[in-house]
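Chain residues, written in single-letter form:
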Amino acid sequence: MNRRMLRKEDEEAAGDEIEVRREDQDKINRFSRLHQRELALEEELKNKNKEKEELDDLETELELVEDEEELVQYKIGDSFFHIPLEQAKEMLGIAAAKLIKEIEALDDKLETIRKEMTGLKVELYARFGKTINLET
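As the structure is a computational prediction, the values presented were derived from the model and not from experiment. (Residues numbered from 1 in each chain as written. Predicted model: local features only at pLDDT ≥ 70, side-chain atom pairs only at ≥ 80, totals over all residues. Heavy atoms only, no water.)

Visitor: Please explain the overall build of the chain as it appears in this structure.
Guide: A tally of regular secondary structure across the chain gives 3 helices and 2 strands. Shown N-terminal to C-terminal, the secondary structure of the chain runs as helices and strands in the order α-α-β-β-α. A separation threshold of at least 6 residues defines the contact pool for the chain, and within that pool the share at least 24 residues apart is 63%. Summing over all exposed atoms, the chain offers an accessible surface of approximately 10400 Å²; the carbon and sulfur share of this is 49%. (Helix = DSSP H or I, 4+ residues; strand = E, 2+ residues; numbered from the N terminus. Contact = heavy atoms within 4.5 Å. Areas by Shrake-Rupley, 256 points an atom, 1.4 Å probe, with all protein chains shown as cover.)

Now the structure itself:
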């Protein structure tokens, strides 16, 4: 099995190998750590968005309840409590607002990480050209 990162023509065009300095290796390592962090944050963001959709669905369900005096089950931690409908709607609104702030914070973190990764890509591709693969 032939495993090549570069085509033979690209390898020949590269000529002599470029020496990897300590600062280059540090940048490569930083890029790798950022990429792993990006993947973890994307997964967390996906879960938060799913949770937000579930809260929106629940809010819709609560709006369909006819009896305003009815007690509804509300989950707090691992337990369910019977609480008045209005209190459940209020608590749901608070939970949704908190979740929106968390999602915005994750988006901001991802944007910061992606900007830094882009900067590192520019620097590393300028130094190593086609001999390095940073595509994620």
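Visitor: Could you clarify how one ought to interpret the packing of aromatic side chains in this entry?
Guide: What characterises a pair of aromatic rings is the spacing of the ring centres plus the angle enclosed by the ring planes. One pass over the structure, following the stated rule, counts 0 aromatic pairs. The side chain of Arg127 reaches across the aromatic face of Phe128, ending 5.4 Å from its centre. (Phe/Tyr/Trp six-rings, centres within 6.5 Å; stacked < 30°, edge-to-face > 60°. Lys NZ or Arg CZ within 6 Å of the ring centre and 35° of its normal.)

Visitor: For this particular structure, what's the right way to read the packing of helix α2 (residues 22–63) against helix α3 (residues 85–128)?
Guide: The packing of two helices is summarised by the inter-axis angle and the distance between the axes. Interaxial distance between α2 and α3 falls to 8 Å at its minimum, and their mutual angle equals 160°. Viewed along their axes, α2 and α3 adopt a mutual orientation that is roughly antiparallel. Considering how the two elements wind past one another, α2 and α3 form a crossing that is left-handed. Along the lines of polarity and charge, the residues of the contact of α2 with α3 split into 23 nonpolar, 2 polar and 21 charged. (Axes fitted to C-alpha atoms, helices over the stretch in contact; angles between N-to-C directions. Parallel < 35°, antiparallel > 145°, perpendicular 65-115°, else oblique. Left-handed = near helix turned anticlockwise from the far one by under 90°. Nonpolar A, V, L, I, M, F, W, Y, C, P; charged D, E, K, R; others polar.)

Visitor: Looking at this structure, I do not really get the side chain of Asp24. What am I missing?
Guide: Here Asp24 is to be found in helix α2. When residues no more than four places from it in sequence are discounted, the contact partners of Asp24 are Glu19, Leu124, Arg127 and Phe128.

Visitor: What is the right way to look at α2 in this model?
Guide: The periodicity of an α-helix, 3.6 residues per turn, causes residues three or four positions apart to be oriented the same way. The terminal C-alpha atoms of α2 lie 61 Å apart, and with 42 residues this matches the ideal 62 Å at 1.5 Å per residue to within 8%. Buried within α2 are the following residues: Asp24, Phe31, Leu34, His35, Glu38, Leu41, Leu45, Lys48, Lys52, Leu55 and Leu62. The secondary structure elements touched by the buried residues of α2 are β1 (71–76) and α3. (Expected span 1.5 Å × (residues − 1). Buried < 20%, exposed > 50% of the residue type's maximum accessible area, 1.4 Å probe, protein only.)

Visitor: Can you help me understand the nonpolar core in this one?
Guide: One broad trend across soluble globular proteins is that nonpolar side chains are buried collectively. If you look at the biggest cluster of nonpolar residues, it comprises 24 residues, and the most contacted ones within it are Leu62, Val72 and Ala88. Going through the elements one at a time, α2, β1 and α3 are the ones with two or more residues in this core. The dominant element in this core, judged by the number of residues it contributes, is α3, at 13 residues. If we ignore the near neighbours within four places in the chain, the residues touching Val72 are Leu62, Phe81, His82, Ile83, Pro84, Leu85 and Ala88. (Core = buried A, V, L, I, M, F, W, Y, C linked by side-chain atoms within 4.5 Å.)

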